[in-house]
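Structural overview
Listed below, chain by chain, are the residues.
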Amino acid sequence: MKNIPIHASIEGQARVVDTDWLAIMATLKERGLEQEELVTVYAQLSSYLRVTTRGLTLAMIPPSTVIEGLTREVKHCANDYAGML
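A few points on the structure. (Residues numbered from 1 in each chain as written. Predicted model: local features only at pLDDT ≥ 70, side-chain atom pairs only at ≥ 80, totals over all residues. Heavy atoms only, no water.)

Side note on helix H2 (residues 35–46)
Because an α-helix completes one turn every 3.6 residues, residues spaced three or four positions apart along the sequence face the same direction. The test is simple: Numbering of helices and strands starts at the N terminus; helices are DSSP runs of H or I of at least 4 residues and strands are runs of E of at least 2. To estimate the expected span of a helix, subtract one from its residue number and multiply by 1.5 Å. Residue contacts are defined here by distance: any two heavy atoms, one from each residue, within 4.5 Å place the two residues in contact.
For H2, which comprises twelve residues, the first-to-last C-alpha distance of 16 Å matches the rise-based estimate of 16 Å (1.5 Å per residue) to within 8%. On its buried face, H2 is in contact with strand S1 (5–10), helix H1 (21–30), strand S3 (51–53) and strand S4 (56–60). Of the residues flanking the end of H2, it is tyrosine 48, one or two places downstream, whose phi is positive at about 65°.

Observations concerning the packing of H1 against H2
Convention followed: Note on method: axes are straight lines fitted to C-alpha atoms, helices fitted across the in-contact stretch only, with angles between N-to-C directions ranging 0 to 180 degrees. Left-handed describes a crossing in which the near helix is turned anticlockwise from the far one by less than a right angle; the clockwise case is right-handed. Charged means Asp, Glu, Lys or Arg here, nonpolar means Ala, Val, Leu, Ile, Met, Phe, Trp, Tyr, Cys or Pro, and polar covers whatever is left, Gly included.
H2 packs onto H1 with a crossing angle of 145° between their chain directions and a minimal axis gap of 11 Å. Relative to H2, H1 is oriented so that their crossing is right-handed. Side by side, H1 and H2 meet where Trp21, Met25, Leu28 and Lys29 of the first sit next to Gln35, Leu38, Val41, Tyr42 and Leu45 of the second. Grouping the constituent residues of the contact of H1 with H2 by class yields seven nonpolar, one polar and one charged.

Examining H1
Where we set the bar: Partly exposed describes any residue whose relative accessible area lies between the buried limit of under 20% and the exposed limit of over 50%, with all areas from a 1.4 Å probe on protein chains only and scaled to the type maximum. Here the arc refers to the directions that run from the helix axis out to each C-beta atom. We define a polar contact as two N or O atoms separated by no more than 3.5 Å, with the added condition that, inside protein, one atom must be a possible hydrogen donor and the other a possible acceptor, whereas residues neighbouring each other in sequence contribute only through side-chain atom pairs.
Buried residues of H1: Trp21, Ile24, Met25 and Leu28, and no others. All buried residues of H1 lie within an arc of 105° about the axis, which places them on one face of the element. On the buried face of H1, the contacting elements are S1, strand S2 (17–20), H2, S3 and S4. The opening residue of H1, the one whose side-chain oxygen lies 3.3 Å from the backbone nitrogen of leucine 22, is aspartate 20.

And the structure:
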């Protein structure tokens, strides 16, 4: 799973925040999602579907959208994701 930019909002609220997959993944893990469920959510987001889970509504930000400060291309090594599995 690569880091992707995401729009996130709390269910039922109009306020939307721009964040990324790694931050959302950590939040979803804290809220009880298992690894298989995280992979499913990631696949749905990568397909540009809007996902609602654990009180959050998530949508991938299209790559053509420029948002100051959000990561567009992640450079990482194999150890970066070791603690997430």
